Amino acid sequence: MITEPIGSIPRPASLLQAITGFHAGTISQQSLDDAYAAALRDTIQRFEQTGSPVITDGEQTKSSFATYPLAGLTNLAPDGVVISFADGHTRQLPRLTAGPFRYGQHAGAFVTAARTYTKRPLKQAVISASALSLLYPGSGIPGYSREQFTADLIDEAASDIRGALDAGADSVQIDFTEGRLSLKLDPSGSLLRSFIDLNNQVLDRFSIAERQRIGVHVCPGGDHDFTHSADIDYAGLLPDLFHLSVGRFFLQMASEPDRKRILAIVKKVMAPTHIVFIGVIDPISPVIETPSQVRDRILEAASVLPPARLGSTDDCGFSPFADDTSTARDTAFSKIRARVEGTALAARELGL
Ligand SMILES: [Zn+2]
């Protein structure tokens, strides 16, 4: 049975200090780059030690899962869309101030950098076009229409995925955390369907075989141990979500209160060609799951979904934003180890 991480690992304190120091002007670009390289090397080493058959770069050099394409851009203002989390804290996206919209950084570079440290299959996460569509202000941009922006965005999001595949990523995962959130902003579901339509325009650029190597991750968000949309019923998201033209679905599940009900909906909406990865680790909970707990969660899912189309994953990344230190690195790696061991136990039980 396949098991894969979502993406992010908490950054080491030495890297966070270097980032702060660089912004304060007390350390050089070279020292910052050295700190990034050291964090990347250590993360990949520790990832390999968990026994994980597929690893990521831990997103050590991303500012966040959503904002890495904005690195170095000068056509942004800080006052964009605000996302609120359950404890009241917020994250604010920038606002695009002028066209054309081009990514400052593409995901293929992360694959290339990680490849220098490992031979294991590498999975690469990318941000969805729908998340970045929120950069365009409701009031418009003179001389750069929303239509022009959307066309540029589709080009850039497609080349982000293409570049990661070309750089040798085993698979690419589109982070679509705003899927569930969109139902909070628009309970009618039309915002959700417009997001899915936009992302499918990106996916249209890929062959059916390529789309089998592309997946989507959904969750209720996770930052400083709080979610943004866990209060929105998963049942509202899943039927539309499975209209995305991808082969793999990475679904938060460990933290769902009524998993049986959600699994039954997944069974109804998934296609025979889909692979569904069920979250068996809750990155927000400080308690490290045991392998037998993981095994039981997989067996529960396998009692509803076809075991041959089932994989396991974490509910979310462990630190989607670089400055989120709410989870210790040791905890994250221990949880990943439990997932790997528990998945092997489940596979044995299922005769896979
Ligand atoms: Zn997530």
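Here the structure is shown first, and the text comes after it.
Residues numbered from 1 in each chain as written. Predicted model: local features only at pLDDT ≥ 70, side-chain atom pairs only at ≥ 80, totals over all residues.

(A) Local environment of the overall build of the chain. Within the chain, the regular secondary structure consists of twelve helices and eleven strands. For the chain, the C-alpha radius of gyration of 19 Å lies close to 20 Å, the compact-globule estimate for 352 residues. Referenced to the eigenvectors of the C-alpha coordinate spread, the extents of the chain come out at roughly 60 × 45 × 40 Å. Within the chain, the fraction of its 352 residues that count as buried is 43%. Put simply, of all contacts in the chain between residues at least 6 apart along the chain, 80% involve residues at least 24 apart. (Helix = DSSP H or I, 4+ residues; strand = E, 2+ residues; numbered from the N terminus. Rg over C-alpha atoms; globule rule 2.2 N^0.38 Å. Buried ≥ 20, exposed ≤ 12 C-beta atoms within 10 Å, placed from the backbone. Contact = placed C-beta atoms within 7 Å.)

(B) Inspection of the nonpolar core at higher detail. With 72 residues, the main nonpolar core has V126, V216, L251 and I278 as its most contacted residues. Apart from the residues within four sequence positions on either side, V216 is in contact with Q173, I174, F176, L244, V246, F249 and F250. Of all hydrophobic cores here, the second largest spans five residues; its members include I9, F318, A332 and I336. (Core = buried A, V, L, I, M, F, W, Y, C linked by C-beta atoms within 7 Å.)

(C) Up close: the pairing of strand β6 (residues 123-127). Judged by how many residues are buried, β6 sits mostly within the fold: five of five residues are covered. A two-sided burial pattern is seen for β6, the buried positions comprising K123, A125 and I127 on one face and Q124 and V126 on the other. Bridge count for β6 against strand β7 (residues 171-175) is five bridges, and the pairing is parallel. Following the sheet pairing, Q124 is matched in β7 by V172. (Pairing = 2+ DSSP bridges.)

(D) Spotlight on the packing of helix α6 (residues 178-185) against helix α9 (residues 234-241). In contact at an axis separation of 9 Å, α6 and α9 are set at 120° when each is read in the N-to-C sense. As far as their axial angle goes, α9 and α6 are oblique. Here the hand of the crossing between α6 and α9 comes out right-handed. Contacts between α6 and α9 involve G179, R180 and L183 on the former and, on the latter, G236, L237 and L241. Residue composition of the contact of α6 with α9, grouped by class: three nonpolar, two polar and one charged. (Axes fitted to C-alpha atoms, helices over the stretch in contact; angles between N-to-C directions. Parallel < 35°, antiparallel > 145°, perpendicular 65-115°, else oblique. Left-handed = near helix turned anticlockwise from the far one by under 90°. Nonpolar A, V, L, I, M, F, W, Y, C, P; charged D, E, K, R; others polar.)

(E) Looking closely at the environment of L132. Take L132: it is sitting in helix α4 (residues 129-132). Overall, the presence of 24 C-beta atoms within 10 Å leaves L132 in the buried class. Linking L132 and L93, residues 39 residues apart in sequence, is a C-alpha distance of 9.0 Å. Those residues in contact with L132 that lie beyond four places of it in its chain are P69, I127 and L153.

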